[in-house]
Amino acid sequence: MKITLSTIKADVGSVGGHLCPSPEVVARVREYLEREGGGLLIDHYVTQVGDDICLLLSHREGVGNHEVHRLAWEAFRVGARVAKEEGLYGAGQDLLKSAFSGNVRGLGPGVAEMEFEERPGEAILLLLADKTSPGAYNLPFYLAFADPMYCSGLILSPKMGKGFAFTIMDVAHTEADRVIELSAPEDLYDIATLLRDPDRFVIEKIRSRATGEQAVACSTTRLHNIAGRYVGKDDPVALVRVQRDFPAIGEVLAPFALAPYVPGFMRGSHYGPLMPVPEGTPVSFFDGPPVVMGLAFSIHSGTLTDPVDVFAHTFWDHIRQGAAEKALELRRQGFYGPAMLPFAELEYTGIMERLEALEERFFLR
Ligand code: F6R
Ligand code: MG
Ligand code: MG
């Protein structure tokens, strides 16, 4: 049976700054889906990390479905209304347009969707990151789907040995979706050449070359391109199908132990380590560090099991410790050099305005 998983996330307001949504906001979003989702959805799950709320919706309506997107949009609108009533900070911040126009893409919420023939024992991983941008998954997914140093299945399993095809989007191109498909292992150096720049090139999809089946869908929204001004980093969601002809769940999780430096953190304008955290963890230090949570589900005829919180395992305490040390090390140099993002990626205009004002005080000698 073909099913579709849609995961849609938004920041509709948070308590005490950009830390986390209120329990009431999350409860009301959940309640709305339970009440209104009945005829349309097979199942759903509502979760949160940092200041974001994320909906995982399972249904039979395919990718980009008008009614499914409308349902998610209305659920977030309910959340935004409660956030406003409670006086939360940034209430409704990711609902950039006031009217729904058929699809949440381009309106603010981040979305990753996949339609597939459900396998017996279908196993999936939902990843949700906050205080960072869609390119945050570039390195972990490159390592999990193209590097046998991290994914031994690439040499141990004959089917996985045929490699994976990466669809990569140029997110700086805002007029239309500009994408390229490259295949590992032949195009490995080209894939690396693009993915090294997570601000510009972002993995959108990965599929198995042995079966043609899609393994990964990532959100590629760039809020500051949509809004034309800073409205928060794009806090990406991703769906990964795991096991059998795809990497094992543990092979997908392994690269997250690197806690790679990613763009985001305070004011969306710095680099910080991507810290794997348990479900629902708020952000804190320097509005960060950037965090990623992961929930693993099994699915049967579109019905979701209760999830396993993959980064709650004690192994990850050690990784979190290391990530905190990496964060402190880079924070020690404040605004200087590689601690802060390059001009084009700064989410606030202050530095550009200062530079412009200084222009006329420069002189040629
Ligand atoms: C980053 C983020 C925060 C804010 C910061 C200032 O994604 O949301 O770091 O940029 O707290 O927020 P404002 O400008 O809303 O006071
Ligand atoms: Mg926020
Ligand atoms: Mg956020």
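So, a few notes on the structure that sits alongside this text.

The rules behind the values
Residues numbered from 1 in each chain as written. Chains lettered and ligands numbered in written order. Predicted model: local features only at pLDDT ≥ 70, side-chain atom pairs only at ≥ 80, totals over all residues. Heavy atoms only, no water. Donors = N, O, S within 2.8 Å, 3.2 Å for Na, K, Ca; no water. Helix = DSSP H or I, 4+ residues; strand = E, 2+ residues; numbered from the N terminus. Near = heavy atom within 4 Å. Polar contact = N/O pair within 3.5 Å; in protein donor to acceptor, adjacent residues only side chain to side chain. Areas by Shrake-Rupley, 256 points an atom, 1.4 Å probe, with all protein chains shown as cover. Nonpolar A, V, L, I, M, F, W, Y, C, P; charged D, E, K, R; others polar. Expected span 1.5 Å × (residues − 1). Buried < 20%, exposed > 50% of the residue type's maximum accessible area, 1.4 Å probe, protein only. Arc of directions from axis to C-beta. Contact = heavy atoms within 4.5 Å. Phe/Tyr/Trp six-rings, centres within 6.5 Å; stacked < 30°, edge-to-face > 60°. Lys NZ or Arg CZ within 6 Å of the ring centre and 35° of its normal.

Right, let's talk about the coordination of the magnesium ion (ligand 2) for a bit. Octahedral metals with six donors have ideal donor angles of 90 or 180 degrees. Tetrahedral metals with four donors have an ideal donor angle of 109.5 degrees. For the magnesium ion (ligand 2), every protein donor is listed as Asp-11 (OD), His-18 (ND1) and Asp-51 (OD), and the spread of their distances is 1.9 to 2.3 Å. Motif for the magnesium ion (ligand 2), donor spacing along one chain: D-x6-H-x32-D. Between the magnesium ion (ligand 2) and the magnesium ion (ligand 3) the interatomic distance amounts to 4.7 Å, and Asp-51 serves as a bridging ligand to the pair. Of this pair, Asp-11 sits in the loop between strand S1 (2-10) and helix H1 (23-36) while Asp-51 sits in the loop between strand S2 (41-49) and strand S3 (52-59), and the two are 40 residues apart along the sequence.

With that settled, consider the site of ligand 1. Among the eleven residues in the neighbourhood of ligand 1, the closest are listed as Tyr-89, Lys-131, Arg-267, Asp-287 and Tyr-348. The separation between an oxygen atom of ligand 1 and a polar main-chain atom of Arg-267 is 2.9 Å. Take Tyr-348: an N or O atom from its side chain is 2.6 Å from an oxygen atom of ligand 1. Surface burial for ligand 1 is 80%, taken as the share of its 410 Å² of free accessible area covered by protein chains. Of the residues assigned to the shell around ligand 1, the class counts are five nonpolar, two polar and four charged.

This paragraph deals with helix H8 (residues 315-331). In an α-helix, one turn spans 3.6 residues, which is why side chains three or four residues apart end up on the same side. With 17 residues, H8 ought to run about 24 Å at 1.5 Å a step, and its terminal C-alpha atoms sit 25 Å apart, in line with that. Taken together, the buried positions of H8 are occupied by Trp-316, Ile-319, Arg-320, Ala-323, Ala-327, Leu-330 and Arg-331. Summarising the axial view, the buried residues of H8 lie within an arc of 110°, below the 170-degree limit, and thus occupy one face. Opposite the packed face of H8, turned more than 90 degrees from it, sit the exposed residues His-318 and Glu-325. Against the buried residues of H8 lie helix H7 (249-253), strand S11 (261-264), strand S12 (270-273) and strand S13 (275-276).

Our focus in this paragraph is the coordination of the magnesium ion (ligand 3). Protein coordination at the magnesium ion (ligand 3) comes from Asp-51 (OD), Asp-52 (OD), Asp-52 (OD), Asp-130 (OD) and Asp-235 (OD), with a distance range of 2.0 to 2.7 Å. As a motif over one chain, the donors of the magnesium ion (ligand 3) read D-D-x77-D-x104-D.

According to the relative accessible area criterion, Asp-11 is buried, its value standing at 1%. Along the chain, Asp-11 and Gly-108 lie 97 residues apart, while their C-alpha atoms are 9.2 Å from each other. Among all residues touching Asp-11, those that are not within four sequence positions of it are His-18, Asp-51, Asp-52, Gly-92, Gln-93 and Asp-94.

Right, let's talk about the packing of aromatic side chains for a bit. Scanning the entire structure with this criterion turns up eleven aromatic pairs. When the centroid spacing of 5.1 Å and the interplanar angle of 85° are considered together, the rings of Phe-145 and Phe-164 count as edge-to-face. Of this pair, Phe-145 sits in helix H3 (residues 138-146) while Phe-164 is found in strand S6 (residues 164-170), placing the two residues 19 residues apart along the sequence. When the ring of Phe-285 is compared with that of Phe-286, the centres are 6.3 Å apart and the planes differ by 40°; the resulting orientation is tilted. Given the relative accessible area of 25%, Phe-286 is considered partly exposed. Clustering of aromatic rings is evident, with ring pairs tying together Tyr-137, Phe-141, Phe-145 and Phe-164. Over the aromatic face of Tyr-348 sits the side chain of Arg-267, whose NZ or CZ is 4.9 Å from the ring centroid. Above the ring of Tyr-261, the side-chain terminus of Lys-326 is found at 4.5 Å from the ring centroid.

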